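Below, each chain spelled out in residue letters.
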Amino acid sequence: MKHDLPQNQRSTIAMKFQFYLRFHTKYGQSLWISGSSDTLGNNDPSRAVPMEYLNDEFWTATIEIRRKDLGHQLSYKYLLKNEEGEWVKEWGQDRFMEETDKETQEVQLVDTWNHAGEYENAFFSAPFQKVLLKRNAPGSLRSSDKSPTHIFKVKAPLLKKHEAVCLMGTGTRLGDWQTEKPLVLKKENGDSPGDWWVARLDLSDESFPLAYKYGVYDSSTKSFVRYEDGNNRLVYSDAAKRKLTIQHDGFVQLPNNTWKGSGVAIPVFSLRSKKSFGVGEFNDIRLLADWAVKTGLKLIQLLPVNNTMSSFTWLDSYPYSAISAFALHPIYINLEKVAGKEYAEELEPLKKIQQQLNELTVVDYEEVMKYKFAVLKKLYTAMGAETLAAEDFKAFFKENKHWLEPFAAFCYFRDQYGTAEFSKWPTNAVYNKAAIDKICAPKSPQYKSIGFYYFNQYHLHLQLKEASDYAHKKGIVLKGDIPIGISPNSCDAWMEPDLYNMQWQAGAPPDDFTAVGQNWGFPTYNWKKMQEDGFAWWKKRFRQMSTYFDAFRIDHILGFFRIWSIPIDAVQGIMGRFVPCLPVHINEFGEKGIWFDYQRFCKPFITDEVLSEIFNDAAEQVKEQFLTPNEFGSYDLLPDFDTQKKLEKYFDEELKCEKSEHHRAGLYDLISNVILFEEEGSQGQEFHFRISMEKTSSFRHLIPHVQEKLKDLCVNYFFRRQDDFWFREAMHKLPQLKEATNMLVCGEDLGMVPDCVPEVMQQLGILSLEIQRMPKDPKKEFFHPNDAPYLSVITPSTHDMSTVRGWWEEDRDQTQHFYNNVLGQWGDAPVYCEPWINRAIVLQHLYSPAMWSIFQLQDILGMSEKLRRENPQDERINNPANPKHYWQYRMHISLEDLIKEKDFNQELKGYIDNCGRGAQ
């Protein structure tokens, strides 16, 4: 396909570019080129240039571009349009049309499609480029001729120190395959693993085609190490006059799964140092990095650190319910660093309180926040004006104004009206930018109060950035956590409510841990609305997060495929369904031989027998107080009690006793005792199955024939019909979001995992999460670390689970099976998880083929009789079964003392080195 300029704009003012892309397509697929010029559509896929099929190996296109447009780096990339007409972009942002001399009239680009799921692409992400693989690259001038006819470009991210890429092949200039003096390529544009190794060669005296291969050269010993794997490569284009050929060869074919690292996971609030204030602080990350260096760990994984100050009670300890997706939490601030020497006297009265809080075994959230917030206000009064006038603050403000101003205003109104529930504010309940700009203006009466939140966020930024930079200097990367939701009473929901489905609540379906499911209380995302501006909110979120973190965990990545959505009038997760989801049409019931009975399937099934099962002797009392007979010989709930939220309000306000709690739970069960939920707006034509339908008494009271027919339809609904639909849903979102950041992306893909999830994550190069006691194969009792895919994070436990020691004591039969079948031990399992058992489990994970093995700090310390906590039940961070869990776990020894544990640290480092996860 040719795209020419008019005749009068050709010759000296234009250059011809011929593109050849190695790609094997399927029927119905086509390839396109998009780039940063008018000719290439300015990166708009709808204006991309179509390519033509050449043969089974190549697609091609020819375009002409004005020379003046080549005065800057003109970028381009390839796009695949699949059978459904959807765009799939190749990965990366590093294809450029090079500026050439005035004599060159034609450039031929021979490219290789860069599949996002290639292992090598992970090594071009931030943690590897900035920290883990950053090393000086040797090079050679022998691979740079003065007037090149061919440029060879290739990547090799996993070369060792002193190693370089070399080139050999047929012909004199390629050395006739002589390994004694290979052509050593030069690393261009820096020393990060993402840069190209380049050779610029004059092949005008050679005969074509030429066969060649890349290899590895050791510059320290000046010797050839090895050839790359695979067949010889070929260059077909001859060295014609005024023509330049650029061979983009992708990756050198070397082992690409040899790099392995290990890390430690712990919330910031759980850190303990001798200078902190009853809670872990950003400053303590420095000490954790010091300890990581001594043990050979390369990564520190943290829970979300966003501001959750909604109620000013311990309920705000829940780190996943942020009032801002951007603002940091003041609980992590170090007051001493804020005050500096000049204002240190402001802290003197608090020394005793600080000591008392720091000696507690757990975090006292309310006390810590009370004192920290009071001192921050004093410091702001003393030094706020000076801080806000500083040039560094002004730069911070300019970069973050888009969220910082609204957040400060939100906090101002929250404090003024005593609630974060903005719908209850007497003024400004609806966000108005002009009004917010007015109160945030430096001359406004409210500015002094507004500035307090600027002051806090600025110092939090300085302290977290300083900790991040310190970790990087030590060779340690930081991994953050992006929650799947935001609080319904958040600044984000206040500013842009259209981005969220406020009538739905996100959660999780029932599982082995929570029989009634989970209700997280977050509004779900309005993905269609978010897509209208190219997911701008997410891109801003990623950009701000990348200031501090190198990698991140997507909390509940399944929510990008479909999210468990619970109506706003429900309390329990069991009342939810997946959204989006293809419903069951009413005709399908008839096709299955099921007589559709709306009252029987869609309304709570309440009979005298059901009431007796649930309430026993209290059945008559419940019937009299909450129910009314209906025309079908059963009962309906009275209008005042016909939703779980109405019941919750009634029991919270009217009754508080053990008996009433039993009635509450039983009435919740009655409301959820249905077979189907009607699709809203479908006029009784479309329906969704209630999860775990077969466990309801409503289902048990159906005749066996109907039960079997409903089961078949239910299995189809949950496990067959949705897969392609959910695949497309994820591919509409995740590729754009992953492209928006260079952080390493890790997904938390646990729970009820659709079959399409692994394929999407593999295609996009997103690391999966593998947990030994939560196998994704339902036929297996345990997942073995040896079976982990390379692009994965493997761990024996997470913050939502008991630690290894705690789990060992939960289920004797399961522990025994694990002891005999996974650890390979004979006889009865010890009653308690002894240090050698804990150590064996950690070693299994260290020897795993997974890229990352990450451990909760508690599981690492569990290997030591001396350092482990006495009671393993005190090690758990969160219990998802309790929606009002108090997040207050804190490590029981200080980081300063842990750093001094020389024998243990050396032992752990030895394990990490021996397992191939040490220095590389």
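Above this text sits the structure in question.
Residues numbered from 1 in each chain as written. Predicted model: local features only at pLDDT ≥ 70, side-chain atom pairs only at ≥ 80, totals over all residues. Heavy atoms only, no water.

A. Focus on the layout of surface pockets. Size it by volume and the second largest pocket reaches roughly 990 Å³. Together, 35 residues line the second largest pocket, and Asn82, Trp87, Val88, Met731 and Gln763 are the ones closest to its centre. Only strand S7 (74-81), strand S8 (87-89), helix H21 (723-739) and helix H22 (756-764) provide two or more residues apiece to the lining of the second largest pocket. If you tally residues by element for the lining of the second largest pocket, the top one is H21, at ten residues. Of the residues contributing to the lining of the second largest pocket, the split by class is 13 nonpolar, nine polar and 13 charged. (1 Å grid on protein atoms, 1.4 Å probe; cavity = no way out; pocket = protein on both sides within 12 Å on 5 of 7 lines; lining within 4 Å. Points joined across faces, edges and corners; volume = space filled by probe spheres on them. Helix = DSSP H or I, 4+ residues; strand = E, 2+ residues; numbered from the N terminus. Nonpolar A, V, L, I, M, F, W, Y, C, P; charged D, E, K, R; others polar.)

B. Expanded view of the sheet that holds strand S33 (residues 744-747). On the basis of which strands lie adjacent, the open sheet formed by eight strands has the order S33-S25-S22-S21-S20-S36-S35-S34 and parallel pairing. Edge positions in the open sheet fall to S33 and strand S34 (768-771), since each of these has one partner strand only. When strand polarity is set aside, the average angle formed by the axes of neighbouring strands in this sheet is 25°. The pairing of strand S25 (residues 551-554) with S33 spans four bridges and is classified as parallel. Note on S33: the bridge partner recorded for Phe552 is Val745. (Pairing = 2+ DSSP bridges. Axes fitted to C-alpha atoms, helices over the stretch in contact; angles between N-to-C directions.)

C. Layout of the sheet that holds strand S31 (residues 676-678). Spatially, the three strands line up as an open sheet ordered S28-S32-S31, and their pairing is antiparallel. Taken across any chain shown, the strands that pair with only one partner, and hence form the sheet edges, are strand S28 (584-585) and S31. Looking at chain direction, S28 and strand S32 (residues 686-689) are connected through two bridges and run antiparallel. Bridging from a neighbouring strand, Val584 pairs with Phe687 of S32.

D. Fine view of the packing of helix H24 (residues 812-822) against helix H25 (residues 835-846). Contact geometry for H24 and H25: axes closest at 13 Å, N-to-C directions at 60°. With respect to H25, the element H24 is oriented oblique. Like other packed secondary-structure pairs, H24 and H25 cross with a definite hand, here left-handed. Across the interface between the two elements, Phe818, Tyr819 and Val822 of H24 pack against Trp836, Ile837, Ile841 and Gln844 of H25. Among the residues making up the contact of H24 with H25, the classes are represented as six nonpolar, one polar and no charged. (Parallel < 35°, antiparallel > 145°, perpendicular 65-115°, else oblique. Left-handed = near helix turned anticlockwise from the far one by under 90°. Contact = heavy atoms within 4.5 Å.)

Bear in mind that shape data such as this cannot, by itself, settle questions of function.
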